[in-house]
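# Structure assessment
Chain by chain, the residues:
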Amino acid sequence: MPFSSLAAPLEVELRPHRPALLRVGPPGDAPGWAAEYREALRAQVTEHGALVVRGLGLRDADQVGAVFAALAGELMTEREAFAPREAHGRGVYSSTAWPANQPMCMHHELSYTLDVPGLMLFACLTPPEDGGATAVADAEEVLQALPAALTERFEREGWLLTRTYNEEIGATLEESFGTGDRAEIEQYCRAHAIDFTWRPDGSLYTEQRRSAVVRHPVSGRRCWFNQIAFLNEWTLAPEVREYLVDEYGADGLPFNTRYGDGSPIGEDVVEQLNSTYEAHTRREPWQAGDLLLVDNIRTAHSREPFTGERQVLVGMADPRRLADGSPAKEASER
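Residues numbered from 1 in each chain as written. Predicted model: local features only at pLDDT ≥ 70, side-chain atom pairs only at ≥ 80, totals over all residues. Heavy atoms only, no water.

All right, on to the sheet that holds strand β3 (residues 50-54) then. Across the sheet, which stays open at both edges, the seven strands sit in the order β1-β2-β3-β16-β6-β19-β4 with mixed pairing between neighbours. If you trace the sheet from one side to the other, it starts and ends with β1 (12-13) and β4 (92-94), each paired once. Examined bridge by bridge, strand β6 (residues 115-126) and strand β16 (residues 291-295) share five bridges and lie antiparallel to one another. Each residue of the ladder has a partner; that of L119, found in β16, is D295. The strands that helix α2 (residues 38-48) touches are β1, β2 (20-23), β3, β6, β16 and β19 (311-321); relative to β3, the one it contacts most, it runs at about 135 degrees. Against the sheet, helix α3 (residues 61-72) makes contact with β4, β6, β16 and β19, and its axis sits at roughly 145 degrees relative to β6, the strand it touches most. (Pairing = 2+ DSSP bridges. Helix = DSSP H or I, 4+ residues; strand = E, 2+ residues; numbered from the N terminus. Contact = heavy atoms within 4.5 Å. Axes fitted to C-alpha atoms, helices over the stretch in contact; angles between N-to-C directions.)

Right, here's the structure in full:
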């Protein structure tokens, strides 16, 4: 129910197939309100996995940045991006550049890095005309719904992300690593368990193996935590995949995923992963000024196709280095 008093309790609405929703009366000072209610809001995210806050009236990047900082403290600088973003202040970014008519399937942000965001923050300045929801799915429920033989293999082997960096498609070296200097890129890769090769044409090819199933650092629950489906070639629109393979070759795709032992993942497996996500999806259409907080380890998120203009700003916080985030190398050699 709406309220405007800072002393009022948080009354969260729980609805089938939708994320938890908190309606607030316009507080006037949104960053001050966020600071006042920081612990209560974070507790709701811990309990429900995701929380939509409606009524703050967020209207510009500076205000959004102040609200993000009030809720999360210092925001993370993105590294290893797979597609460009526009910066809107320290730690505040545009949504990832991605065709509006194509979905960004369910994933956990930066789950292929060693230091993963524990918290994702989203703010809608301009809602789309239609579609474009940032939907969410519970990672524990998804893990339980997937076939045991499949999850056991991924849990045993982990998953492999392969990337080819060039200047024509996807994120550039500077956008991903914060530098174009080869020595600094190599130093970063060594420090972050990334195998790398410089190809004769000057492009960089990398491989990094990560866990597909992790334990939540607070609850201890096992979560399906990865970007296996989203970054796999079979999730791409068929015409996009065909163009990329024709243009760059099967080993030159800007990104792809494999089983931890390096063997390819079949189209049927990717379809099963995405259909399981869809069966557990909760969505709430964006309204102007909305705030969405997501526990990035417990909860996957997506971006659905849309029409019209859509401006959603993003922040990442609470970096976590998961104890089971990088499988031992020996696992791929069994």
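So that's the structure; there's more coming.
In terms of nonpolar packing, the biggest core is built from 47 residues, with F82, F122, F154, W224, I228 and L273 touching the most fellow members. With four residues, the single largest contributor to this core is helix α9 (residues 267-279). Excluding anything up to four places from it in sequence, L273 contacts L146, L150, W224, I228 and A229. Counting 31 residues, the second-largest nonpolar core is a separate cluster that includes A20, L41, L75 and L293. (Core = buried A, V, L, I, M, F, W, Y, C linked by side-chain atoms within 4.5 Å. Buried < 20%, exposed > 50% of the residue type's maximum accessible area, 1.4 Å probe, protein only.)

Their axes nearest at 9 Å, the elements α2 and α3 cross at an angle of 80 degrees. Put simply, α2 runs roughly perpendicular to α3. On the side of α2, the interface is formed by R38, L41 and R42, while α3 contributes A69, A70, L71 and A72. Within the contact of α2 with α3, the residues separate by chemical class into five nonpolar, no polar and two charged. (Parallel < 35°, antiparallel > 145°, perpendicular 65-115°, else oblique. Nonpolar A, V, L, I, M, F, W, Y, C, P; charged D, E, K, R; others polar.)

What follows covers the sheet that holds strand β14 (residues 255-259). With antiparallel pairing, the four strands of this open sheet are ordered in space as β10-β11-β9-β14. If you trace the sheet from one side to the other, it starts and ends with β10 (195-198) and β14, each paired once. Strand-to-strand twist across the sheet, computed as the mean angle between neighbouring axes with direction ignored, equals 15 degrees. Where strand β9 (residues 159-165) meets β14, five bridges bridge the pair, whose relative direction is antiparallel. Bridge pairing in β14 links R163 to F255. Relative to the sheet, helix α5 (residues 148-157) contacts β9, β11 (204-210) and β14, its axis offset from that of β14 by approximately 100 degrees. Sheet contacts for helix α7 (residues 182-191): β10 and β11; angle to β10, the most-contacted strand, approximately 155 degrees.

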